[in-house]
Amino acid sequence: MPLDVIALVLFGALLHATWNALVKAGSEKSLDAAMIALGAAAVAIPFLPFLPLPQPEAWPFILVSALFQFAYFQLVAASYRAGDIGLVYPLMRGVAPLIVASTSSVIIGEQLTTGAMAGVLTISVGVLTLAFESRKGGKHAIILALLNACVIACYTFVDGIGARVSGNAISYTLWMALLPPVLLFAWAFARRGIKPVARHVYKHWWRGLIGGAGSIGAYGLALWAMTKAPVASVAALRETSILFAVVISVVFLKERVSVWRIAAAGVIALGALLLKLA
């Protein structure tokens, strides 16, 4: 994997950790997740006139991706309500690349080298190590996190292929961002009513805008990288976002650094090195 691709994927991982921290810190996690999706769409719209439309064969992937993104944001909110981020986030982000790596040869015909597979597995082991430090959350949280890992793997394949056939990964990303907030807010209005939802958006619009910019930026960089490198390798390298989440928790949330976090950081760094050398 080229160095510039690695650098941009790592920057995307930082953005991903930032918007997840915003959801976790919010009081209404489902609405905050929907607001971040809305913020991503708001950031995308001004750029659409300056980019070519995705190729016709990409539109089915955009529609299917929207359904998976709807499920993803709902499960993110539900998982953070059910369990501690130290358990939920590593399981969601650690299991997904394992699923992608183990099925990519069958689904998209990509054969990883031995070194790349070692990097994928090492990063996943490092991320999953962080789950051992969790003191909250039980069976329900684990089930939700694992279910979302499957959803993440599904949209990784859908968007990895969609970005390649679209002719322009950035254009694909921006158009893909438009439909999920429509689905999420339609669901929120049906369940909560228009006034409570509108009130929350009015009070916390900044959270959605900042998080949305981070969300679409992170995923756009990942999709671009998937046009330059194997999908499974990019998916695994994205999971270094957990390292940035650890830094955010220590520097901004003043949380302690446990032995598990230090060990996981070292393992993830080793996995990133293996991917570079593969």
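Read on for a plain summary of the structure. Since this is a predicted model, take the numbers as computed values, not measurements.

About the thresholds
- Residues numbered from 1 in each chain as written.
- Predicted model: local features only at pLDDT ≥ 70, side-chain atom pairs only at ≥ 80, totals over all residues.
- Heavy atoms only, no water.
- Helix = DSSP H or I, 4+ residues; strand = E, 2+ residues; numbered from the N terminus.
- Rg over C-alpha atoms; globule rule 2.2 N^0.38 Å.
- Buried < 20%, exposed > 50% of the residue type's maximum accessible area, 1.4 Å probe, protein only.
- Areas by Shrake-Rupley, 256 points an atom, 1.4 Å probe, with all protein chains shown as cover.
- Lys, Arg positive; Asp, Glu negative; His and termini not counted.
- Charge placed at Lys NZ, Arg CZ, Asp CG, Glu CD.
- Axes fitted to C-alpha atoms, helices over the stretch in contact; angles between N-to-C directions.
- Parallel < 35°, antiparallel > 145°, perpendicular 65-115°, else oblique.
- Left-handed = near helix turned anticlockwise from the far one by under 90°.
- Contact = heavy atoms within 4.5 Å.
- Phe/Tyr/Trp six-rings, centres within 6.5 Å; stacked < 30°, edge-to-face > 60°.

Okay, the overall build of the protein next. A count of helical and extended segments in the protein gives 12 helices and 0 strands. Helices and strands appear in the protein in the N-to-C order α-α-α-α-α-α-α-α-α-α-α-α. Here the protein has a C-alpha radius of gyration of 18 Å; the compact-globule value for 278 residues is 19 Å, and the two agree. Counting only C-alpha atoms, the protein reaches 55 × 45 × 30 Å along its principal axes. Relative to its full complement of 278 residues, the protein shows a buried share of 51%. By element, 73% of the accessible surface of the protein is carried by carbon and sulfur atoms, the whole surface being about 12,300 Å². In the protein, 20 positive and 10 negative side-chain charges are present, and the distance between their average locations comes to 9 Å.

Right, let's get into the packing of helix H1 (residues 3-25) against helix H9 (residues 194-226). Two numbers describe how H1 lies on H9: the axes approach to 8 Å, and their chain directions differ by 150°. Taken together, the axis directions place H1 and H9 in an arrangement best described as roughly antiparallel. Handedness of the H1/H9 crossing: left-handed. When H1 is examined against H9, the residues Asp 4, Val 5, Leu 8, Val 9, Phe 11, Gly 12, Leu 15, His 16, Trp 19, Leu 22 and Ala 25 are found in contact with a partner set consisting of Trp 206, Arg 207, Ile 210, Gly 211, Gly 214, Ser 215, Gly 217, Ala 218, Leu 221, Trp 224 and Ala 225.

Bringing helix H10 (residues 231-238) into the picture now. Residues three or four positions apart in an α-helix share a direction because the helix packs 3.6 residues into each turn. With 8 of its 8 residues buried, H10 lies for the most part within the structure. All of the buried residues along H10 are Val 231, Ala 232, Ser 233, Val 234, Ala 235, Ala 236, Leu 237 and Arg 238.

Below, the discussion takes up the side chain of Ser 215. The residue Ser 215 is located in helix H9 in this model. On the accessibility criterion, Ser 215 (13% relative accessible area) is buried. With near-sequence residues (within four places) excluded, Ser 215 lies in contact with Trp 19, Ile 36 and Phe 73.

Take the packing of aromatic side chains next. Overall, the coordinates contain 8 aromatic pairs when judged by the stated rule. On the basis of an interplanar angle of 45° and a centroid distance of 5.6 Å, the ring pair of Trp 19 and Phe 73 is categorised as tilted. Pair noted here: Trp 19 is in helix H1 and Phe 73 is in helix H3 (residues 59-82), with a separation of 54 residues, a long-range link. Comparing Trp 19 with Phe 73, the two get one shared label, buried. Centre to centre, the rings of Tyr 72 and Tyr 155 are 5.3 Å apart; their planes meet at 80°, and the pair counts as edge-to-face. With Tyr 72 in helix H3 and Tyr 155 in helix H6 (residues 139-166), this residue pair connects regions lying 83 residues apart in the sequence.

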